[in-house]
Amino acid sequence: MRNIEIRNSRTLSVGYLPSIEVLPFMEWARNNSVDCHPYSSYGAMTRGLMQGEIDGGILPWELAVVDLLLRPGQRIRWRVPAVLRACPMELVLSHSAMKKVNRNRTRRLSPGSVKLTFGIEAKHSFSRLQIELWQQNSGHDHLATPDFKMLPMGMMLTGLENGVIDGFLAPLPWGTQAESQGNGKVDRKFGGGPFTQDIVLVCEEGALNYRNGVLNNLAGDLGGGEDFYSDDESLEKAFERMSSETSTKLNPALGIQSCRKYPLDAMPGEFIPDEDWFRKELDVIARRSGIKIRESLSSEISIISTK
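In this numbering scheme, every chain counts its residues from 1 along its sequence in written order. The predicted nature of this model means local features are confined to residues of pLDDT at least 70 and side-chain atom pairs, given and counted, to a pLDDT of 80 or more, with totals for whole chains, interfaces and linings taken over all residues. Heavy atoms throughout the structure, all of them, feed into the side-chain values; hydrogens and water do not.

Peer 1: Looking at this model, I keep getting lost on the pattern of salt bridges. Mind explaining?
Peer 2: A pair can form between side chains of opposite charge whenever their charged atoms are brought close. For this document, the term salt bridge refers to a Lys or Arg side-chain nitrogen within 4 Å of an Asp or Glu carboxyl oxygen. Counting across every chain of the model gives 13 salt bridges. The shortest N-O distance in the salt bridge between Arg85 and Glu270 comes to 3.2 Å. Pair noted here: Arg85 is in the loop between strand S4 (78-84) and strand S5 (89-93) and Glu270 is in the loop between helix H10 (252-261) and helix H11 (275-289), with a separation of 185 residues, a long-range link. With respect to burial, Arg85 and Glu270 carry one shared label: buried. Here Glu179 and Lys185 are joined by a salt bridge, their closest N and O atoms 3.9 Å apart. Helix and strand definitions here come from DSSP, where helices need a minimum of 4 consecutive H or I residues and strands a minimum of 2 consecutive E residues; each element is numbered from the N-terminal end. Burial classification: accessible surface area is computed with a 1.4 Å probe over protein chains only, and a residue below 20% of its type maximum counts as buried, one above 50% as exposed, and the rest as partly exposed.

The structure is reproduced here in structure tokens:
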């Protein structure tokens, strides 16, 4: 394991998956000498964290826990200084899948006779639960329990285009881009429901000392989010930076369109999680994933204590 003491003289590096929800952090990072590194998947980012390529990463909370914090030798390395503002998720289906979903409107099909395959990032992603709930509530009893194929986010678009998957769930503007490329249709009625994902910043313990503890104040510094990227030119540059080092290029125009449709200041704000929040949310993950989680983890990863 590398030395986790991050010196003030060295630039901090944080990984992220391109989406509109990381825009406020990118602007904050630019003003605080923090380097942002785009990844094409959460899995690649997690490996980058464990291998010391980056000092921190922006991840869905459940993947941060299951795929990083619960890995052997990793628990004592990491802290979670902030829960960030999360954008809505888009469920996109291929055109053939849309026809399969809606076929019983013209011809009655037997229950469970049609099975769809969805792309998800990881085995324990809450995306799986959101998709299953969406299907249960769809009113289409001809749909069987869906299958899931684990794919990097960067391959979701090509997987949908090539028929490897019937659909996927992703933060904006991934679904919008798939639709614009003619490979699917976004379900405008989709809602995350009780399985909506939290997005967190995970960083090495030593990173909390960077520039006199700037990460400790991240949630407050990000504020309401409405002041970030107020003009199209800045947004376009941000999306160009996002795409500069990943195989999948997000369309800046679609990103800007998504930002205008779902302004970040309308979403629940950033906050510093305390031990009580961690205890509650770790219990949720344990129940949903069937994984045993040590009670002490809530205090080990928190930067503030409720005791």
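Peer 1: Is there a simple way to think about the nonpolar core in this case?
Peer 2: The set of buried Ala, Val, Leu, Ile, Met, Phe, Trp, Tyr and Cys residues whose side-chain atoms join them within 4.5 Å is what this entry labels a nonpolar core. If you look at the biggest cluster of nonpolar residues, it comprises 44 residues, and the most contacted ones within it are Trp61, Phe168, Trp174 and Val202. Sort the elements by how many residues they give to this core and helix H3 (residues 61-69) lands first, with 7 residues. Contacts are assigned to residue pairs that have any heavy atoms within 4.5 Å of one another. If sequence neighbours within four positions are ignored, Phe168 has contacts with Glu90, Leu91, Val92, Phe118, Gly119, Met156, Leu157, Leu160, Trp174, Gly175 and Ala178.

Peer 1: Which parts of the structure should I look at to understand the packing of aromatic side chains?
Peer 2: What describes a pair of aromatic rings is the distance from one ring centre to the other and the angle between the planes of the rings. Under the pairing criterion, centres of Phe, Tyr and Trp rings, with the six-membered ring standing for Trp, must be within 6.5 Å; the plane angle then separates stacked pairs below 30 degrees from edge-to-face pairs above 60, leaving the rest tilted. On inspection of all chains with the given rule, the structure shows 7 aromatic pairs. Taken together, a centroid distance of 5.2 Å and an interplanar angle of 55° make the contact between Trp61 and Trp277 tilted. Pair noted here: Trp61 is in helix H3 and Trp277 is in helix H11, with a separation of 216 residues, a long-range link. Exposure remark for Trp61: the relative accessible area of 2% places this residue in the buried category. With relative accessibility at 15%, the residue Trp277 sits in the buried group. An aromatic cluster of at least three residues, connected via ring pairs, comprises Trp61, Phe271, Trp277 and Phe278. Placement of a charge over a ring requires the Lys NZ or Arg CZ to be within 6 Å of the ring centre, with the centre-to-atom vector within 35 degrees of the ring normal. Directly above the aromatic system of Phe126 lies the positively charged group of Arg288, at a separation of 4.8 Å from the ring centroid.

Peer 1: Got a minute to help me understand the packing of H3 against H11 in this structure?
Peer 2: In contact at an axis separation of 11 Å, H3 and H11 are set at 75° when each is read in the N-to-C sense. With respect to H11, the element H3 is oriented roughly perpendicular. When H3 is examined against H11, the residues Trp61, Glu62, Val65 and Val66 are found in contact with a partner set consisting of Trp277, Phe278, Glu281, Leu282 and Ile285. We call Asp, Glu, Lys and Arg charged. Ala, Val, Leu, Ile, Met, Phe, Trp, Tyr, Cys and Pro are nonpolar, and the rest, Gly among them, are polar. Of the residues assigned to the contact of H3 with H11, the class counts are 7 nonpolar, no polar and 2 charged. For helices, the axis comes from a line fit to the C-alpha atoms of the stretch in contact; other axes are also lines fit to C-alpha atoms, and the angle between any two N-to-C directions lies between 0 and 180 degrees. Note that the term roughly parallel is reserved for angles under 35 degrees, roughly antiparallel for angles over 145, roughly perpendicular for angles of 65 to 115, and oblique for everything else.

Peer 1: Would you mind showing me how to read the sheet that holds strand S6 (residues 117-120) here?
Peer 2: Pairing between strands is defined by DSSP: at least two bridges between them are needed. Strand order across the open sheet formed by 5 strands is S7-S6-S8-S5-S9, with mixed pairing between neighbours. If you trace the sheet from one side to the other, it starts and ends with strand S7 (147-150) and strand S9 (185-186), each paired once. Pairing between S6 and strand S8 (residues 167-171): 2 bridges, direction parallel. Counterpart to Gly119 in the pairing with S8 is Phe168. Relative to S6, helix H5 (residues 126-136) is tilted by about 150°, and along the sheet it contacts S5, S6, S7 and S8.

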